[in-house]
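Below are the chains, spelled out letter by letter.
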Amino acid sequence: MENLVAQAVGGIAFLVGITAFSQKDDIRFRYQMMSFCIVMGVHFILMGAVVAAIGVLINAVRMFISVKTQSRKVMWFFIALMWCMTLPNVTHFLELLTVIGSSIATWGLFSRQGIHLRLFIMFNSFCWFSHNIWLGSIGGSLIEGSFILANMVTIYRLYKVQRAESDMQYCEEYS
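Residues numbered from 1 in each chain as written. Predicted model: local features only at pLDDT ≥ 70, side-chain atom pairs only at ≥ 80, totals over all residues. Heavy atoms only, no water.

Glancing now at the nonpolar core. In this structure, Met-33, Phe-36, Met-40 and Phe-44 are the most contacted members of the largest nonpolar core, which totals 32 residues. Among the secondary structure elements, those contributing two or more residues to this core are helix H1 (2-20), helix H2 (26-47), helix H3 (50-68), helix H4 (72-86), helix H5 (93-111), helix H6 (114-135) and helix H7 (138-173). Residue contributions to this core peak at 8 residues, all from H2. Dropping the residues within four chain positions of it, Phe-44 is found in contact with Ala-49, Ala-52, Ala-53, Val-56, Trp-128, His-131, Asn-132 and Leu-135. Listed in part, the 5 residues of the second largest apolar core include Ile-115, Ile-148, Ile-155 and Leu-158. (Core = buried A, V, L, I, M, F, W, Y, C linked by side-chain atoms within 4.5 Å. Buried < 20%, exposed > 50% of the residue type's maximum accessible area, 1.4 Å probe, protein only. Helix = DSSP H or I, 4+ residues; strand = E, 2+ residues; numbered from the N terminus. Contact = heavy atoms within 4.5 Å.)

Spelled out as structure tokens, the structure:
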């Protein structure tokens, strides 16, 4: 019964999270990802995945803070916090993937925008996808797989917009 509740919470997280990756606006994307991380934290607590729970709850706070500041000091604080809080709880190598992915996503959130931001987030999703398959989190695996696909579509849409803007600038310069 506990696993069923945990998987149901993962399903709710799926609904919250999938809408985040359809966002073109970076601020809305970050707020929706914060909400997703909180729900996933509950999911991982119910699954007994301590490292993952700590990681996504830190990621929720990181998402909120990254809307307010792009400070490198804050970025490094969150990366250090992630490693300090999760490393003592790691019992299997695959749990480290969540820490590595989250660290790279943190760097991206504080230093990149647009397509580059989403590429770092997509790398993070591949790390979490691998972890969730290993953990047996059905909802978590579906979520990250969907994130990867939705992120690819959004990256393509952003690329098309950038390409169109670039083409228009070129035409204006040489007309």
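Applying the stated rule across the entire model yields 1 cavity of 30 Å³ or more. For the largest cavity, the calculated volume is near 130 Å³. Along the walls of the largest cavity sit 16 residues, with Met-33, Phe-36, Asn-124, Trp-128 and Glu-144 positioned nearest its centre. Mapped onto the lining of the largest cavity, the elements with two or more residues apiece are H2, H3, H6 and H7. (1 Å grid on protein atoms, 1.4 Å probe; cavity = no way out; pocket = protein on both sides within 12 Å on 5 of 7 lines; lining within 4 Å. Points joined across faces, edges and corners; volume = space filled by probe spheres on them.)

Moving on to H3. The end-to-end C-alpha distance of H3, which contains 19 residues, comes to 28 Å, matching closely the 27 Å that a straight helix rising 1.5 Å per residue would cover. Every buried residue belonging to H3 is among Val-51, Ala-52, Ala-53, Gly-55, Val-56, Ile-58, Asn-59, Ala-60, Arg-62, Met-63 and Ser-66, and all of these are buried. On the buried face of H3, the contacting elements are H2, H4, H5 and H6. (Expected span 1.5 Å × (residues − 1).)

Another aspect to go through is a nonpolar patch on the surface. Together, Trp-83, Leu-87, Ile-100 and Phe-123 line one region of the surface with nonpolar side chains, adding up to about 320 Å² of accessible area. Within the secondary structure layout, Leu-87 lies in the loop between H4 and H5. Leu-87 sits in the partly exposed class, given a relative accessible area of 44%. (Patch = residues over 30% accessible without salt bridge, like charges linked within 9 Å, V, L, I, M, F, W, Y side chains within 5 Å. Areas by Shrake-Rupley, 256 points an atom, 1.4 Å probe, with all protein chains shown as cover. Salt bridge = Lys/Arg side-chain N within 4 Å of Asp/Glu carboxyl O.)

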